[in-house]
Amino acid sequence: MGKIISFANQKGGVGKTTSAVNIAASLGILGYKTLLIDLDPQGNATSGVGVAKRNLKLTIKDVLAGDCVAKEAILETKFQNLSVLPANITLAGAEFDLFQEEEAPHEVIKKAFAEIKDEYDYLIVDCPPSLGMLTLNSLSASDGVVIPMQCEFYALEGLSQLMITIGKVKNHYNNSLNVTGILITMYTNRLLLTQQVKSELKKHYSGKLFDTHISRGVKLSEAPGFGCPVYYHDKRSKGADEYLSVAHELATRI
Ligand SMILES: Nc1ncnc2c1ncn2[C@@H]1O[C@H](COP(=O)(O)OP(=O)(O)OP(=O)(O)O)[C@@H](O)[C@H]1O
Ligand SMILES: [Mg+2]
């Protein structure tokens, strides 16, 4: 059975897309058939796997609008076992359109993915930086959530808000939803604050925190400019190694 995993955090710039792209690519390298689903009008996951955002014939927006089925919009990437359901700025109106749905507006994504779910081992969804209708839809369709976060002062506050939202979605819409893991991104052990936030996370969410953290690294920030996951940019980089190891952990959890 395919597993849908949302990469979500309402805070912007915490490493959702970097983690979704690189974990999806790492799962592919580990031999799992993987679909990366871009659910952000910024389209960063799309360009991150080498697909040009402009002039796409079909995107996830067309799927959500019911103008095509998911299968028709999916593109192969040049990376091992990795396909992508692309997005671009045309998705910007979708929050509003979803609100207009008369029947189960939170289940549009779940229905759209139902027929392709079992064609993949993992479906990795890169959510936008908000808890709006797109993210709610993704959580309603998901088996798990990965929460990428930076070790910053406000991060813990944001995390408890996100946990409450996930709990509500679980209670009202999707009983099978669980937090797969909290992933520390852009880690640098030089800062005292980083250490403090990490130990707070361990104290409150010990079972949920991935053993592996992702270090801040130049190769990781360079790779999207080349339209590829970090492993294909520099397979000996620390980022490639760490994301492979998180993917391995994830596959043992879900
Ligand atoms: N481990 C890392 N080391 C260095 N740079 C990183 C790392 N992770 C992410 N970045 C950079 O930080 C920025 C934000 O990362 P990313 O786009 O993945 O965050 P996001 O949560 O998806 O953002 P948004 O909320 O806008 O969707 C990007 O420029 C990315 O290249
Ligand atoms: Mg993003």
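Residues numbered from 1 in each chain as written. Chains lettered and ligands numbered in written order. Predicted model: local features only at pLDDT ≥ 70, side-chain atom pairs only at ≥ 80, totals over all residues. Heavy atoms only, no water.

J.: Quick question: what am I supposed to make of the packing of aromatic side chains here?
T.: Given two aromatic rings, one states the distance between the centres and the angle between the planes to describe the pair. Counted under the stated rule, the structure contains three aromatic pairs. With a centroid separation of 4.6 Å and 45° between ring planes, the pair formed by Phe79 and Tyr232 is classed as tilted. Taken together, the residues Phe79 in the loop between β3 (75-76) and β4 (82-85) and Tyr232 in helix α11 (residues 230-233) connect sequence positions 153 residues apart. Both rings, one in Tyr231 and one in Tyr232, keep their centres 5.5 Å apart while their planes meet at 75°; by these two values the pair is edge-to-face. Residue class for Tyr231 comes out partly exposed when judged on its relative accessible area of 23%. Among the aromatic side chains, those forming a connected cluster through ring pairs are Phe79, Tyr231 and Tyr232. Against the face of Tyr187 rests Lys198, its NZ or CZ located 5.0 Å from the ring centre. (Phe/Tyr/Trp six-rings, centres within 6.5 Å; stacked < 30°, edge-to-face > 60°. Helix = DSSP H or I, 4+ residues; strand = E, 2+ residues; numbered from the N terminus. Buried < 20%, exposed > 50% of the residue type's maximum accessible area, 1.4 Å probe, protein only. Lys NZ or Arg CZ within 6 Å of the ring centre and 35° of its normal.)

J.: What's the story with helix α12 (residues 238-253) in this structure? I'm lost.
T.: Relative to the 22 Å expected for 16 residues at 1.5 Å per residue, α12 spans 23 Å between its end C-alpha atoms, a close match to the ideal helical length. Taken together, the buried positions of α12 are Gly239, Ala240, Glu242, Tyr243, Val246, Ala247, Glu249, Leu250 and Ala251. (Expected span 1.5 Å × (residues − 1).)

J.: Got a minute to help me understand the pairing of strand β2 (residues 34-38) in this structure?
T.: Where a strand is regular, its side chains alternate between the two sheet faces. Among the five residues in β2, five count as buried, and that is most of the element. In β2, alternate side chains face the same way, and those of Thr34, Leu36 and Asp38 on one face and Leu35 and Ile37 on the other are all buried. Judged from the five bridges that link them, β2 and strand β5 (residues 122-126) form a sheet pairing that is parallel. Within the sheet, the bridge partner assigned to Thr34 lies in β5 and is Tyr122. (Pairing = 2+ DSSP bridges.)

J.: I tried to follow the site of ligand 1 on my own but got confused; where do I start?
T.: Every one of the 17 residues lining ligand 1 counts as a neighbour, but Gly13, Lys16, Thr17, Thr18 and Gly217 are closest to it. Interatomic distance of 2.9 Å between a backbone N/O atom of Gly13 and an oxygen atom of ligand 1. With respect to ligand 1, the backbone of Gly217 contributes an N or O atom lying 2.9 Å from a nitrogen atom. In isolation ligand 1 exposes 630 Å². Once the protein is present, 80% of that is buried. Breaking the shell around ligand 1 down by element, the ones donating at least two residues are α1 (16-29) and α10 (218-222). For the shell around ligand 1, the element with the most residues is α1, which contributes three residues. (Near = heavy atom within 4 Å. Polar contact = N/O pair within 3.5 Å; in protein donor to acceptor, adjacent residues only side chain to side chain. Areas by Shrake-Rupley, 256 points an atom, 1.4 Å probe, with all protein chains shown as cover.)

J.: I'm lost on the sheet that holds β2 in this one. Help?
T.: Two pairing modes exist for strands in a sheet, parallel and antiparallel, and in both the strands are linked by backbone hydrogen bonds. Ordered by their spatial adjacency, seven strands build an open sheet running β3-β4-β2-β5-β1-β6-β7, and the pairing between neighbours is mixed. Of all strands in the sheet, those bounded by a partner on one side alone are β3 and β7 (178-185). Here β2 runs beside β4; their pairing, made up of four bridges, is parallel. Of the residues in β4, the one forming a bridge with Thr34 is Leu82.

J.: So what exactly am I meant to see when it comes to a nonpolar patch on the surface here?
T.: Taken together, the side chains of Phe153, Tyr154, Leu191 and Leu193 make up a nonpolar region of the molecular surface, amounting to roughly 460 Å² of accessible area. Topologically, Tyr154 is positioned in the loop between β6 (144-150) and α8 (155-172). Using a relative accessible area of 55% as the deciding quantity, one classes Tyr154 as exposed. (Patch = residues over 30% accessible without salt bridge, like charges linked within 9 Å, V, L, I, M, F, W, Y side chains within 5 Å. Salt bridge = Lys/Arg side-chain N within 4 Å of Asp/Glu carboxyl O.)

J.: Sorry if this is basic, but what is going on with the packing of α1 against α12 here?
T.: Each pair of packed helices can be described by the angle between their axes along with the distance between the axes. Running from N to C, α1 and α12 point in directions that differ by 75°, and their axes come no closer than 8 Å. Taken together, the axes of α1 and α12 lie roughly perpendicular to each other. Here Thr18, Ser19, Asn22, Ile23, Ser26, Leu27 and Ile29 of α1 lie close against α12, whose contacting residues are Tyr243, Leu244, Val246, Ala247, Leu250 and Ala251. Taken together, the residues that form the contact of α1 with α12 break down as nine nonpolar, four polar and no charged. (Axes fitted to C-alpha atoms, helices over the stretch in contact; angles between N-to-C directions. Parallel < 35°, antiparallel > 145°, perpendicular 65-115°, else oblique. Contact = heavy atoms within 4.5 Å. Nonpolar A, V, L, I, M, F, W, Y, C, P; charged D, E, K, R; others polar.)

J.: Can you help me understand the pattern of salt bridges in this one?
T.: For side chains of opposite charge, pairing can occur when their charged atoms come near one another. Tallying each qualifying case throughout the model produces six salt bridges. Lys117 serves as the salt-bridge partner of Asp143, at 3.3 Å between the closest nitrogen and oxygen. With Asp143 in the loop between α7 (133-141) and β6 and Lys117 in the loop between α6 (108-114) and β5, this residue pair connects regions lying 26 residues apart in the sequence. With respect to burial, Asp143 and Lys117 carry one shared label: buried.

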